Amino acid sequence: MSDVASLPRLRPANCQLPVSWYFDPEIFAREKKLLFDAGSGYVGHELMVPNVGDYQTLAAAKEAGAVTINYGAFLNLVLDFLIVALAVFLLVRAVERMKKQEAPAEPTTKKCNECLSEIPKAARRCAFCTSPAPA
Ligand SMILES: [Zn+2]
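All values reported here derive from a predicted model rather than from experimental measurement.

If you had to explain the overall build of the protein chain to someone new, which residues and values would you point to?
For the protein chain, the count of helices and strands is three helices and two strands. Relative to the compact-globule value of 14 Å for 135 residues, the protein chain shows a C-alpha radius of gyration of 43 Å, a clear excess of over 25%. Seen through its principal axes, the protein chain has C-alpha atoms that stretch 120 × 60 × 20 Å. When each of the 135 residues of the protein chain is scored for burial, the buried share is 3%. Put simply, of all contacts in the protein chain between residues at least 6 apart along the chain, 2% involve residues at least 24 apart.

Listed below in structure tokens is the structure:
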């Protein structure tokens, strides 16, 4: 919270209207007469006046049966699609990376060259055909 009143560059006002003037209905009526009766009342700029066929909302245009090009809704759908596609892409990529990081376990068996059976890696002879096991 700023303390503007304590800034040294601010001085107390020398000429200030009495506070009662701000709440006096007679002065308020005189101000309104002086300000607003002198000239034409300003309502708005000419460009703010809608043309024939302009609608304030899309629902009003559809209700009136006007042909609309809803490019805003289309862009919204495209943006939603891109966001979902990016999320799915990142998810699939993360899953693929997790799959690659799983290194295959060290094999504890080897194949016999003669009978193609699985024998322990440390075996010197095949348990099925008794042939010397490959190194
Ligand atoms: Zn064998």
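Having put the structure on the table, let's press on.
Any details on the environment of Arg-30? Residues and values, ideally.
In this structure, Arg-30 sits in helix H1 (residues 25-36). Accessibility expressed as a C-beta count within 10 Å gives 11 for Arg-30, which makes it exposed. Spatially, the C-alpha atoms of Arg-30 and Val-19 are 17 Å apart, while their sequence positions differ by 11 residues.

Pulling in residues and values, what's your account of H1?
Since the α-helix advances by 3.6 residues per turn, residues separated by three or four positions end up pointing in the same direction. The end-to-end C-alpha distance of H1, which contains 12 residues, comes to 16 Å, matching closely the 16 Å that a straight helix rising 1.5 Å per residue would cover. Among the 12 residues of H1, zero are classified as buried, and the element is accordingly described as predominantly exposed.

Explain helix H3 (residues 71-101) to me, using residue names and the numbers behind them.
Given a rise of 1.5 Å per residue, 31 residues ought to cover 45 Å, and the 45 Å separating the end C-alpha atoms of H3 matches this to within 8%. Within H3, only zero of the 31 residues are buried, leaving the element largely exposed.

Run through unusual backbone geometry, naming residues and quoting values.
The phi torsion at Leu-116 lies on the positive side, around 60°, for a residue other than glycine. On the basis of neighbour count, Leu-116 is assigned to the exposed category, with 10 C-beta atoms found within 10 Å. Here the phi dihedral of Thr-130 falls at roughly 60°; this positive angle occurs in a residue that is not glycine. Of note, Thr-130 is situated in the segment after strand E2 (118-120).

So what's going on with the confidence of the model for the protein chain? Which residues, and what values?
Per-residue confidence for the protein chain gives a mean pLDDT of 86; residues scoring 70 or more make up 90%. The least confident element of the protein chain, judged by mean pLDDT, is helix H2 (residues 58-63) at 88; the most confident is H3 at 94.

Can you tell me about the environment of Glu-102, naming the residues and giving the values?
Following the sequence through the fold, Glu-102 ends up in the loop between H3 and strand E1 (109-111). Taking the C-alpha atoms as reference, Glu-102 lies 17 Å from Leu-91; in sequence the two are 11 residues apart.

So, how was this worked out
- Residues numbered from 1 in each chain as written.
- Predicted model: local features only at pLDDT ≥ 70, side-chain atom pairs only at ≥ 80, totals over all residues.
- Helix = DSSP H or I, 4+ residues; strand = E, 2+ residues; numbered from the N terminus.
- Rg over C-alpha atoms; globule rule 2.2 N^0.38 Å.
- Buried ≥ 20, exposed ≤ 12 C-beta atoms within 10 Å, placed from the backbone.
- Contact = placed C-beta atoms within 7 Å.
- Expected span 1.5 Å × (residues − 1).
- pLDDT = per-residue confidence, 0-100.

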